[in-house]
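Architecture at a glance
The primary structure of each chain is shown beneath.
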Amino acid sequence: RPRCAAAANPLSDGGAPGTARASLYVVVGFARQQQRRRGGWRRLGEQGFASRRPAEEHAARLLARGRADGVILARQELGPDQDAAEEPVILARHGELPAELLEG
């Protein structure tokens, strides 16, 4: 029999019993529009990872291969319900990004 709540539920964040939480690391790439008439930025598809290191490696590959001009790496805390997700936390910004994403 476990001695503490954390031992009973190793995925728990210490909150209410049975509230498992997980972190999702998300990489979002941005590329400048190539057509002059459509100036501005294009958001590339998001890619999610279970840990930070593969997310950082993916972001570096996007930049190195020229598939993105800039990337954002964010962490999203997820709860057992879809409604239990918290606001994402931006961990890193690399390369050129739209002006509205450079702050904060």
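The structure we're discussing is the one just above.
Residues numbered from 1 in each chain as written. Predicted model: local features only at pLDDT ≥ 70, side-chain atom pairs only at ≥ 80, totals over all residues. Heavy atoms only, no water.

Comments concerning the overall build of the protein
Formally: Secondary structure counts use DSSP, requiring at least four H or I residues in a row for a helix and at least two E residues in a row for a strand, with both numbered from the N terminus. Buried, partly exposed and exposed residues are distinguished by accessible area as a fraction of the type maximum, computed with a 1.4 Å probe on protein chains only: under 20%, between the cut-offs, and over 50%, respectively. Here, two residues are considered to be in contact whenever any of their heavy atoms come within 4.5 Å of each other. All accessible areas in this document rest on Shrake-Rupley with a 1.4 Å probe, and a residue is counted as covered only by the protein chains that are shown.
Secondary structure summary: the protein contains two helices and five strands in total. Going from the N terminus to the C terminus, the protein shows its helices and strands as α-β-β-β-α-β-β. Relative to its full complement of 104 residues, the protein shows a buried share of 25%. Partitioning the intrachain contacts of the protein with sequence separation of at least 6 by distance along the chain shows that 48% fall at a separation of at least 24. Here the protein has roughly 7,600 Å² of accessible surface; of this, 47% comes from carbon and sulfur atoms.

Things to note about the pairing of strand β1 (residues 22–32)
Let me state the cut-off plainly: By the convention used here, strands pair only if DSSP detects at least 2 bridges between them.
Bridge count for β1 against strand β4 (residues 70–78) is nine bridges, and the pairing is antiparallel. By the bridge assignment for β4, V27 is matched with L73. In terms of strand pairing, β1 meets strand β3 (residues 47–49) through three bridges, oriented antiparallel. Following the sheet pairing, V26 is matched in β3 by G48.

Regarding the environment of G45
Following the sequence through the fold, G45 ends up in the loop between β2 (41–43) and β3. In this structure the C-alpha to C-alpha distance between G45 and V27, which are 18 residues apart in sequence, comes to 8.7 Å.

A word on helix α2 (residues 52–64)
To keep things clear, this is the line we draw: Expected helix span is taken as 1.5 Å per residue step, with the number of steps being one fewer than the number of residues.
With 13 residues, α2 ought to run about 18 Å at 1.5 Å a step, and its terminal C-alpha atoms sit 18 Å apart, in line with that. Buried-residue contacts for α2 involve β1, β3 and β4. Two residues or fewer past α2, G66 is found with a positive phi of approximately 75°.

Notes on the pattern of salt bridges
As a reminder, the rule being used: Salt bridges are defined as contacts in which a side-chain nitrogen from Lys or Arg sits within 4 Å of a carboxyl oxygen from Asp or Glu.
The tally for this structure, following the rule as stated, stands at five salt bridges. Here E96 ties to R32 by a salt bridge, and the two come within 2.9 Å at their closest N and O atoms. With E96 in the segment after β5 (89–95) and R32 in strand β1, this residue pair connects regions lying 64 residues apart in the sequence. The residue R43 makes a salt bridge to E46 at a minimum N-O spacing of 2.2 Å.

Observations regarding the nonpolar core
Put simply, the rule reads: Think of a nonpolar core as a cluster: buried Ala, Val, Leu, Ile, Met, Phe, Trp, Tyr and Cys residues, connected wherever their side-chain atoms sit within 4.5 Å.
If you look at the biggest cluster of nonpolar residues, it comprises 12 residues: Y25, V27, A31, L44, F49, A55, A59, L62, A68, V71, L73 and A92. Counting only elements with at least two residues in this core, the list comes to β1, α2 and β4. Setting aside residues no more than four positions away along its own chain, A55 makes contact with Y25, V27, F49 and L73. V26, V28, I72 and L97 belong to the second largest nonpolar core, which has five residues in total.

Notes on the environment of G29
Mapped onto the elements, G29 comes out in strand β1. Taking C-alpha positions, G29 is 7.2 Å from E46, a pair spaced 17 residues apart along the chain. Ignoring anything within four residues of it in the chain, the contact list for G29 reads R42, R43, L44, A68, G70 and V71.

Scope: geometric values only; no functional claims are made or implied.
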